[in-house]
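# Structural features, examined
Spelled out from the first residue to the last, the chains are:
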Amino acid sequence: MKPYKKIEITEIPDLVYEGYYWYSDREKPELLKDEKITAGIFTKIPFIIEANFYSKEKNISVSVKNIDGEYLITLCDLEKVDKKNYDTRVYMGHDIQPGKFRVAEIWEETKDPQLDNMTTLVPAYTAFTGFVND
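Described in the following lines is the structure provided in the data block. (Residues numbered from 1 in each chain as written. Predicted model: local features only at pLDDT ≥ 70, side-chain atom pairs only at ≥ 80, totals over all residues. Heavy atoms only, no water.)

Our focus in this paragraph is the nonpolar core. Formed by 19 residues in total, the largest nonpolar core has its most connected members in Phe 42, Ile 48, Phe 53, Val 62 and Val 64. Broken down by secondary-structure element, the contributors of at least two residues to this core are strand 2 (16-23), strand 4 (48-55), strand 5 (60-67) and strand 6 (70-77). Leave out the neighbours within four places in its chain, and Ile 48 touches Tyr 21, Trp 22, Tyr 23, Ile 41, Phe 42, Val 64, Asn 66 and Tyr 71. Among the nonpolar cores identified, the runner-up in size contains 15 residues, and Tyr 54, Val 81, Tyr 125 and Ala 127 belong to it. (Core = buried A, V, L, I, M, F, W, Y, C linked by side-chain atoms within 4.5 Å. Buried < 20%, exposed > 50% of the residue type's maximum accessible area, 1.4 Å probe, protein only. Helix = DSSP H or I, 4+ residues; strand = E, 2+ residues; numbered from the N terminus. Contact = heavy atoms within 4.5 Å.)

Structure representation (structure tokens):
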């Protein structure tokens, strides 16, 4: 069973998150720091281009993208990730303060027919896991 799945706005867990959401009419994203997500941020115009939220309490990451006017929301339960197929990276954000953020890179095992069906790891999902405060 995959640790990530598509959800609806109403299925976003009622938790405290850190993260950001970026409206289509803004030059910079709005930041969340230890706050709950309200359904009111998901407006038609301006719309959220992208958003990433992370709950430290439950180790859950929520990703939001607006594609052709519809919100595509994915929830990733990092507690369900096989730790041997999990890596954490730090990246520098564009116009996001404090600037650096962490992501979990999740890999999945697959049989590769070009390698005589040997098991290999392939990238499966990247989940936002909060800001790095230097």
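Attention now moves to the pairing of strand 4. Counting buried positions along strand 4 gives 6 out of 8 residues, so the element sits mostly inside the fold. Relative to strand 5, strand 4 is paired through 6 bridges, and the arrangement is antiparallel. When the bridges of strand 5 are listed, Glu 50 appears paired with Lys 65. As consecutive antiparallel partners, strand 4 and strand 5 are separated by 4 residues, and within that stretch Asn 59 has a phi angle of approximately 55°, a positive value. (Pairing = 2+ DSSP bridges.)

The strand order across the open sheet formed by 3 strands is 7-8-9, and the pairing between neighbours is antiparallel. The open sheet is flanked by strand 7 (86-92) and strand 9 (118-132), the only strands paired with a single partner. When strand polarity is set aside, the average angle formed by the axes of neighbouring strands in this sheet is 25°. With 7 bridges connecting them, strand 7 and strand 8 (residues 100-112) associate as antiparallel partners. Residue pairing for strand 8: Tyr 86 is matched across the bridge by Ile 106. (Axes fitted to C-alpha atoms, helices over the stretch in contact; angles between N-to-C directions.)

Worth remembering: the numbers are spatial, not functional.
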